[in-house]
Amino acid sequence: MSTNDKALSRRRFLRFAAAGLGAASVAGVLAACGAKKSEDAAAGTEATKAPEEGKKANVELTFWWWDGNGQIWADAYNKLNRGATVKFVNTPFADSHDKLLTSFASGTGAPDIASLEIGRIGGFTAKGGLADLKSAPFDGGKYEKDMVKYKWTQGSTTDGRLVAMPWDIGPAGVWYRADIMEKLGLPSKPEEVEALISHTKGKKWEDFFALSQQVKEKSGGKVKMVADAATDVYGGALRQGGEGYFEGMKLMIEEKATRPAQLAADYRKQELDANIGWWGADWAAGVKNDAFAGMVIACWMQGGLTKDQPQTIGKWRVVPAPEASYNWGGSFCAIPEQSKNPEMAWDFLTWACCSAEGQNAMFTPTGVFPAYKPAWADPLYDAPQDFFGGQRTFRVWGDIADNVASISRSPYDLQADDIVNAEMAKVMKEGKDPVQAMKDAEAAAIKAIEGSTN
Amino acid sequence: MATTTFTVAEQKAQDRRTRRKEAKRNVWAYVFVAPFFFLYSIFGLFPLVYGMWLSLHQWDGISPMKWVGFLNYIKLFTVDDIWWQAISNTVWLFVGATIPQLLLAMILAFIINSGYIRFKDFFRAAYFMPFVASAVAVGILFSSLFGLQYGMFNFFLSFFGVEKIDWLGSAFWLKPSIIMVTVWQWTGYSMIIFLAGLQSINPELYEAARVDGADTNDVFWKITMPLMRPVILFQVVTSIIGAMQNFDIPVMLAGGTQSSAPGGTDHAGLTAMMQLYWSAFKYNTGSKSGFGYASAMSFILFFIIVTFSYLYNRANGRNLTED
Amino acid sequence: MATTTITRNRRGRDRFAGPVVMTFLYTFLAVFALASAFPFYYMLVTATYRTVDILRIPPPIWFGSALMQNYNQLLEQGSLPYFWTSVYNSVAIASVHTIAVLFFCSLAGYGFAKFRFPGREGMFTFLLATLMVPGALGLIPSFIVMRALHWIETWYPLIVPGMANAFGIFWMRQYIESAIPNEMMDAARIDGAKEFRIFWAIILPVIAPALGALAILTFMGKWNEFQFPLLILKDQMTYTLPVALSTLRSLRGTEIGVQILGSSIAIVPILTVFVSASRQFMSGLTAGAVK
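Residues numbered from 1 in each chain as written. Chains lettered and ligands numbered in written order. Predicted model: local features only at pLDDT ≥ 70, side-chain atom pairs only at ≥ 80, totals over all residues.

Here we take up the overall build of chain A. Looking only at helices and strands, one finds 19 helices and ten strands in chain A. Out of the 454 residues belonging to chain A, those deemed buried represent 53%. Relative to all contacts within chain A whose residues are 6 or more apart in sequence, the contacts with residues 24 or more apart total 73%. (Helix = DSSP H or I, 4+ residues; strand = E, 2+ residues; numbered from the N terminus. Buried ≥ 20, exposed ≤ 12 C-beta atoms within 10 Å, placed from the backbone. Contact = placed C-beta atoms within 7 Å.)

Check the secondary structure of chain B and you find twelve helices and two strands. Here the C-alpha radius of gyration of chain B, 26 Å, is well above what a compact globule of 323 residues would show, namely 20 Å. Taken over the C-alpha atoms alone, chain B extends approximately 90 × 60 × 30 Å along its principal axes. Partitioning the contacts of chain B with sequence separation of at least 6, the portion at a separation of at least 24 is 69%. (Rg over C-alpha atoms; globule rule 2.2 N^0.38 Å.)

Further remarks concern unusual backbone geometry. The residue after Ala-136 of chain A, namely Pro-137 of chain A, is reached through a cis peptide bond having omega 5 degrees. Backbone geometry at Glu-323 of chain A places phi at a positive 70 degrees, although glycine is not the residue there. Tracing the sequence through the fold places Glu-323 of chain A in the loop between β8 (316-319) and β9 (326-334). On the neighbour-count criterion, Glu-323 of chain A (21 C-beta atoms within 10 Å) is buried. Of note, the phi angle at His-150 of chain C is positive, near 60 degrees, even though the residue is not glycine. With respect to the element layout, His-150 of chain C can be found in the loop between α7 (139-148) and α8 (156-159). For His-150 of chain C, a count of 10 C-beta atoms within 10 Å translates into the label exposed.

A separate point is the interface of chain C and chain A. On the chain A side, the residues contacting the 37 residues of chain C number 38 residues. When residues of the side of chain C that touches chain A are traced back to their parent elements, those giving at least two are α3 (51-54), α5 (83-114), α7, α8, α13 (227-232) and β1 (249-250) of chain C. Among the elements that make up the side of chain C that touches chain A, the one with the highest residue count is α7 of chain C (five residues). Here the residues of the side of chain C that touches chain A sort into 20 nonpolar, ten polar and seven charged. (Nonpolar A, V, L, I, M, F, W, Y, C, P; charged D, E, K, R; others polar.)

Quick look at the packing of helix α11 (residues 272-283) of chain B against helix α12 (residues 291-316) of chain B now. Residue and element names in this part refer to chain B. Two elements in contact, α11 and α12, have axes separated by 8 Å at closest approach and are oriented at 160 degrees. Taken together, the axes of α11 and α12 are roughly antiparallel relative to one another. Considering only the axes of α11 and α12, their crossing is left-handed. Two secondary-structure elements touch here, α11 through Ala-272, Leu-276, Ser-279 and Ala-280 and α12 through Phe-291, Tyr-293, Ala-294, Met-297, Ser-298 and Leu-301. Considered class by class, the residues forming the contact of α11 with α12 number eight nonpolar, two polar and no charged. (Axes fitted to C-alpha atoms, helices over the stretch in contact; angles between N-to-C directions. Parallel < 35°, antiparallel > 145°, perpendicular 65-115°, else oblique. Left-handed = near helix turned anticlockwise from the far one by under 90°.)

Next up on the list: the interface of chain C and chain B. Contacts between the two partners involve 92 residues from chain C and, on the opposite side, 87 residues from chain B. Ranked by residues supplied to the side of chain C that touches chain B, first place goes to helix α2 (residues 19-46) of chain C with 13 residues. Counted by class, the side of chain C that touches chain B contains 65 nonpolar, 21 polar and six charged residues.

The next subject is the domain arrangement of chain A. Residue and element names in this part refer to chain A. Considered domain by domain, chain A is made up of domain 1 (2-47), domain 2 (53-169 + 330-348) and domain 3 (170-328 + 400-448). Each of domain 2 and domain 3 was reduced to a C-alpha centroid, and the two centroids are 31 Å apart. Taken together, the contact between domain 2 and domain 3 spans twelve residues of the former and twelve residues of the latter. Looking at the side of domain 2 that touches domain 3, the elements that each hand over two or more residues are α5 (118-125) and α6 (149-155). Counting residues per element, the side of domain 2 that touches domain 3 draws most heavily on α5, which supplies five residues. Partitioned by chemical class, the residues of the side of domain 2 that touches domain 3 number five nonpolar, six polar and one charged. (Domains from an automatic or database assignment.)

A word on the confidence of the model for chain A. Residues and elements named next belong to chain A. With 87% of its residues at a pLDDT of 70 or more, chain A shows a mean pLDDT of 85. Put simply, helix α1 (residues 2-19) is where chain A has its lowest mean pLDDT, 39, and β8 is where it has its highest, 96. Note that residues 1-55 has pLDDT below 50 and, in this model, 27 contacts with residues that lie over four places away or in other chains. (pLDDT = per-residue confidence, 0-100.)

The end-to-end C-alpha distance of α5 of chain C is 46 Å, a good match for the 46 Å that 32 residues give at a rise of 1.5 Å each. Counting buried positions over the 32 residues of α5 of chain C gives 23, a clear majority of the element. (Expected span 1.5 Å × (residues − 1).)

For the rest of this paragraph, the subject is the pairing of strand β4 (residues 165-177) of chain A. Residue and element names in this part refer to chain A. For β4, the tally of buried residues reaches 13 of 13 residues, placing the bulk of the element in the interior. Of the strand pairs in this sheet, β4 and strand β10 (residues 369-370) are connected by two bridges, and their pairing is antiparallel. In the sheet register, Asp-168 faces β10, and the bridge partner there is Pro-370. Relative to strand β7 (residues 294-298), β4 is paired through five bridges, and the arrangement is antiparallel. (Pairing = 2+ DSSP bridges.)

The next subject is the pairing of β9 of chain A. All names here are of chain A. Burial within β9 is extensive, with nine of its nine residues counted as buried. Inspection of the sheet shows strand β3 (residues 113-117) paired to β9 by four bridges, in the antiparallel sense. Bridge pairing in β9 links Glu-117 to Ser-331.

Turning next to the confidence of the model for chain B. Here chain B shows a mean pLDDT of 85. Residues at 70 or above account for 95%. This complex was scored by the predictor with a pTM of 0.86 and an ipTM of 0.84.

Time to look at the environment of Ala-171 of chain B. Residues and elements named next belong to chain B. Inspection of the secondary structure puts Ala-171 in helix α7 (residues 171-199). The exposure class assigned to Ala-171 is partly exposed, which follows from the 19 C-beta atoms found within 10 Å. Setting aside its immediate chain neighbours within four residues, Ala-171 contacts Gly-264, Thr-265, Asp-266 and Ala-268.

Rendered as structure tokens:
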């Protein structure tokens, strides 16, 4: 023991001497950090050794998602003792995909289960890095019939591999505040409003404009129907056309975005929206101050509003959108090829995404709506929702999801989005002609995106 | 005669001894500067060389790299309008934010250092405060202050009958907004640098000058400014470097959301570094984005930074490595 | 002669410091102090409100009542499990890094400032050039280096690479060059002092103001560093504060009050240290600069 100590201290001494006097103090502290890490590493090797000894296999899986609620899945799964412990890592949304890409590019550091968002999925399915969930050891093909159809296509590659398992979807519709509508003397029951604006009753965006006009008039201009036409009207109308601006490599900005842009520009010109940009403090204040009576957005808004705007609980109602059902947002789960435990990662992934138990464990507290249709059979989906004043909204979402047209994704989605959004902002903020704006956007996109065609 | 010879020989021996002594001393100098070169060769040079190599390729980070020669550079110079718009925004923000910020910081540093002012600690702390706030906090804070309908700035302006200004939404106001935040956050930082420079000037020099009959003006131009030149040079060069890599504040104020593009309306707040990062990590696909393309961008940016620094030095009539 | 000097001197001073000028100066300073401090104050106010209450007409200018609610959410399991761990991580990383930077940069800055060794010009030009290379692209190759060194999932990538950095060396060199006369070293050499000892015992104490400034700037830079730690840290237990706080920024909007509170908790101690230390670093040291 003493010789061992001596050898250690001599080695350390040599290292210190080599590093120089000042460096030594630094090295000392660093060694301390390093020691902490190696302890962790030692614990890790123990954990991986364990399965060899007996049935109590327990590998550690890392799971990345950009929402703290990921812990819900980790806790629920870990209780089942299926042979793996899931360690959830909260990766900030704005950078989560960049972090994954960095792992692929440098060949190290990817998680066992990664989540991907619809806006970024195209950039990942077109390349490598993610395991094909249809070939051994995976057998994902059997879940195709259970998943919402448009979602399955998005997770698949053009050559038919499945690299991202559908997780949640974003069926969207028109939300409105029954209390505000009532106060203004406007129809406030879902059936009445549906009859006025929903595609299920053959209504168009023009009808939605008419209702918006009434909200504006009855309130003397103090209350508007929605916050921002660029999101509520354009965002909705664009996604009804299938979202994204590509069909294959053919750019479709003019075809797909011109009418949505015109609608939004008209809406703004008639001052039907409150001109409050989404996603910021201004918007939150707008809700709080009843500056708008509704919004055109997906089901996942419920979670945030419950937490941030509790005074609105029970006052919301939802009806299908004008013209068509559509989807906004949603995510996937994937297993990077770097994963050292693909079998257990698959076990977790199928439990989480492809079982009613896993999907509903997440859905119940958070409203993250399953793409896995058998999960909807749960009686939970027929229950009246307090948040929506007793309306059975989960059924509404399910019906909307069943009717969404296919959505094609391309690896250039984000870039095209940004180009169009920059033009769209000119339409909304500077009154640029929407037809011209989308022409310009298409020209800019063709220039910026190699291989795209007109 | 003999004496002279002896003295010359003596002198030569003396010189040789001094030289030898100096050579021996210089070994220490190499030891002193070695850590930088050691660390840089591992953590800086490899990434740099790798980046050069990358800039000649098309690479999305996942698929195999594809050799394209100088095509990335050619595309950047011939067809990429957005990139040059981003460069021009960056220069615009440098002129509009960094230069006023430096001047203001210098004035404040001189006043605080002048000896006529009390409550120095208070002022210094007040000016420095913004610098300790993280970019994330600054972004959130100013996004709410700049709010169109409910923001505090518009609320105050309403007392003066000013119409609501769309600070972060309109192409016209986005740059002034970024400039305001930049000046707010960085003036204190520059002031500290200038102040440290001013403090290093020996007060005996001032006293001596006064004794020789110099007035405040003379002292300022003949003593303070010449002695401050290295510090000013330092601060201007590092500011050029920093400003050309401007990223945090524009991203926080106009980084794009689900319904807006990074850089805001008409890319008015899109900086070169933003476009570079987005190309590398977010767009990432095809022959006009990705790590190779972005590497080429970074070398163009590098070239621009070197040019600006060089021009400043020329104008300043002084070489950076000179003493 | 002496009398004239004093008169001129006094005249100069009076001209500079007349009551009108002084009022102007104080007003100027006060306006900027207010402009600097107000958003900062507003930030602290914001930390005591819920997101929905931060923007309203009229705006809140005094502290609200949601401080504890925000704080609890900051610590809430699932939302941000490791807040205090991340504060500890940031303090540890930034402190160790700062100490190393002070040592290596002043050492190299001294080397460049006060020795005439062959290759000096070239080496220094090279050093300056490295400062001009845009950083973002180093991310991927840095990862490859860190993998080769088996440093992924440790703190080394955050501490080691910048320990001797061009900015710090440039800064220390500029300062040492103007603040330290060669006679100081020569005198020590005649007394037989060794080179490292000269640096350690004679140079270091004299350059305290520059070290103080560099310490603050380095510490702040490391403390607020975001992109690289975000990409390299794989375990929530090792997250630094900015990375941990950024997990509060969600796809559907941001908990403003909670995030600001998290940032403020981090800022207040730093500011206190700065205010108390700056007096030592920055004033009263001029006498020691040159003897």
